Amino acid sequence: MLIYFNVTNYASIKDSMQLSTETGEYLRRLKKTNTLDENGTSLLKSILIFGANGSGKSNLLDALHLMKSMVLNNATKVTDSLKYRPFVLNNKTAMEPVEFKVKFNFKKIVYSYEFSFVTDEIRYEKLSTFKGKKESIYFERNKQDFIVIPENFKENSNLTKPNSLFVYTAQQANDINAINVLKWFQNDLIFVDDQQIPDALLDVINDVEIKEELLNFLNFADFNIVDVQVQEQSIPELPAKLKEMLQVISPETELRTVSKQMYMVHNQYSDDGKVVKRYSLPLALESRGTQKIVLIALSIINAQLNGNGKTLLFDEFDDSLHFELSSALIKIFNSEQNTNQFILTTHELQLLDSKVRTDQIYLLEKDFQGRSTLNSIFDFKDTRDSTRRDVSFMKRYIEGRFGALPQISTEDMLTTLNQIRRNKVGD
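What counts, and where the lines are drawn
Residues numbered from 1 in each chain as written. Predicted model: local features only at pLDDT ≥ 70, side-chain atom pairs only at ≥ 80, totals over all residues. Heavy atoms only, no water. Pairing = 2+ DSSP bridges. Helix = DSSP H or I, 4+ residues; strand = E, 2+ residues; numbered from the N terminus. Axes fitted to C-alpha atoms, helices over the stretch in contact; angles between N-to-C directions. Buried < 20%, exposed > 50% of the residue type's maximum accessible area, 1.4 Å probe, protein only.

1. As for the sheet that holds strand E6 (residues 98-106)
Working step 1: The 7 strands are arranged E2-E1-E6-E7-E8-E9-E10 in an open sheet whose pairing can be described as antiparallel. Both outer strands of the open sheet, strand E2 (17-20) and strand E10 (145-148), are each paired with one neighbouring strand and no more. In this sheet, adjacent strand axes meet at a mean angle of 10° when their direction is disregarded.
Working step 2: The pairing of strand E1 (residues 2-8) with E2 spans 4 bridges and is antiparallel. By the bridge assignment for E2, Tyr 4 is matched with Ser 20.

See below:
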């Protein structure tokens with residue numbers, strides 16, 4: 001699982017920002033349910049990141065998503081540009097590298113991996129392993145110069161392009177540590193995107209027992225769905241000229257001929273309330289809340305099927321879900337039987353008073369210079385008293401006890417709109 005992620009100089013994140021899943025020191029509350037131990041490190045099962053719209057919540061997750069993408073998708077040509085997106089509202093950082101760093105557990109090994117980059121090159125890259133607190137550097141490079149490199153790569157250090165990551169080169173040579181890094185990013189760091197359900201999640205429904213588990217989950221969540229089905233549909237063939245263009249732009253792109261669609265089956269009733277027949281409705285036509293809960297359920301089930309120990313990330317987790325359902329899911333994420341990790345962004349302030357620890361709550365805000373900052377409620381001294389559960393964190397947040405709140409002037413907004421109307425149409 002993820003131990004921490006650190007990002008510097010990306011999008012609205014100017015200064016070094018760290019999202020840590022390690023438990024707060026001396027905090028014992030809800031230890032049995034909300035935490036777990038992995039490779040000797042006490043980790044939180046879930047993290048809730050709160051912040052107003054535009055505070056930078058999505059940028060934090062986007063940064064980790066970009067890191068994953070860069071690790072798994074090597075630049076094919078030396079002329080390929082990297083997705084360099086620094087903090088541009090400062091004249092200094094607009095020209096400096098973006099920096100990413102993760103520390104994570106994979107099997108029985110603790111890894112730390114980091115790199116920094118600009119548009120056309122990797123400026124720095126380092127991979128380390130840990131035994132306890134003792135760090136052992138496996139490789140380290142400064143641009144194209146290697147400070148530390150495994151013995152079997154010394155004669156081939158020039159095989160890595162300036163805009164490529166050495167970890168990708170090493171895994172191609174069957175290096176076990178590099179392979180572990182890529183496997184963790186590929187299989188254990190899971191971004192749950194509700195734009196489209198991946199085929200891998202849809203395939204699990206082919207198992208009758210899994211389908212039954214999904215239906216039970218949906219029914220207990222008060223969704224009246226009697227069956228789920230997955231059907232293959234043909235994709236119209238692209239014109240020949242367009243296919244040629246795509247092959248030139250991206251030769252590795254595989255043009256699909258079929259797609260999988262999920263259907264939710266409902267009972268159809270007569271006026272007197274009797275079931276007449278069943279009706280299948282494409283998931284895409286269901287409410288956003290139904291789409292969201294189906295995706296969450298499938299993601300949890302899939303993580304369980306693949307050995308648990310996964311880190312699942314949800315941006316705007318509670319979007320389209322009512323509070324009671326969101327709160328119930330938080331309880332599931334922090335249940336004793338759960339052995340996965342969930343990182344969620346939300347602006348539902350009522351969840352601040354869920355049954356979570358202070359070290360599980362992070363707050364993101366943006367200042368007048370456009371800089372996003374991240375703080376844990378655990379870092380505020382007056383929140384560490386685990387016996388004080390009579391005080392609402394939501395109330396404290398609204399009172400501004402944990403930092404700045406958006407300064408919204410309703411009267412000034414209305415005055416501006418009225419002035420526009422008078423100027424355009426007269427009054």
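2. Some thoughts on unusual backbone geometry
Working step 1: One non-glycine residue with positive phi stands out, namely Lys 143, at about 55°.
Working step 2: Among the secondary structure elements, Lys 143 is positioned in the loop between strand E9 (134-142) and E10.
Working step 3: Phi at Ser 320 is positive, roughly 75°, even though this residue is not glycine.
Working step 4: Tracing the backbone shows Ser 320 in the loop between strand E15 (311-314) and helix H9 (323-333).
Working step 5: Relative accessible area serves as the criterion here: at 38%, Ser 320 is assigned to the partly exposed category.

3. So, the pairing of strand E8 (residues 122-131)
Working step 1: With 7 of 10 residues buried, E8 lies mostly within the body of the structure.
Working step 2: Inspection of the sheet shows strand E7 (residues 109-117) paired to E8 by 8 bridges, in the antiparallel sense. Paired with Glu 114 across the bridge in E8 is Lys 126.
Working step 3: Remark: 4 residues form the turn of the hairpin made by E7 and E8, two consecutive strands paired antiparallel.
Working step 4: The pairing of E8 with E9 spans 8 bridges and is classified as antiparallel. Bridge pairing links Lys 131 to Lys 134 in E9.

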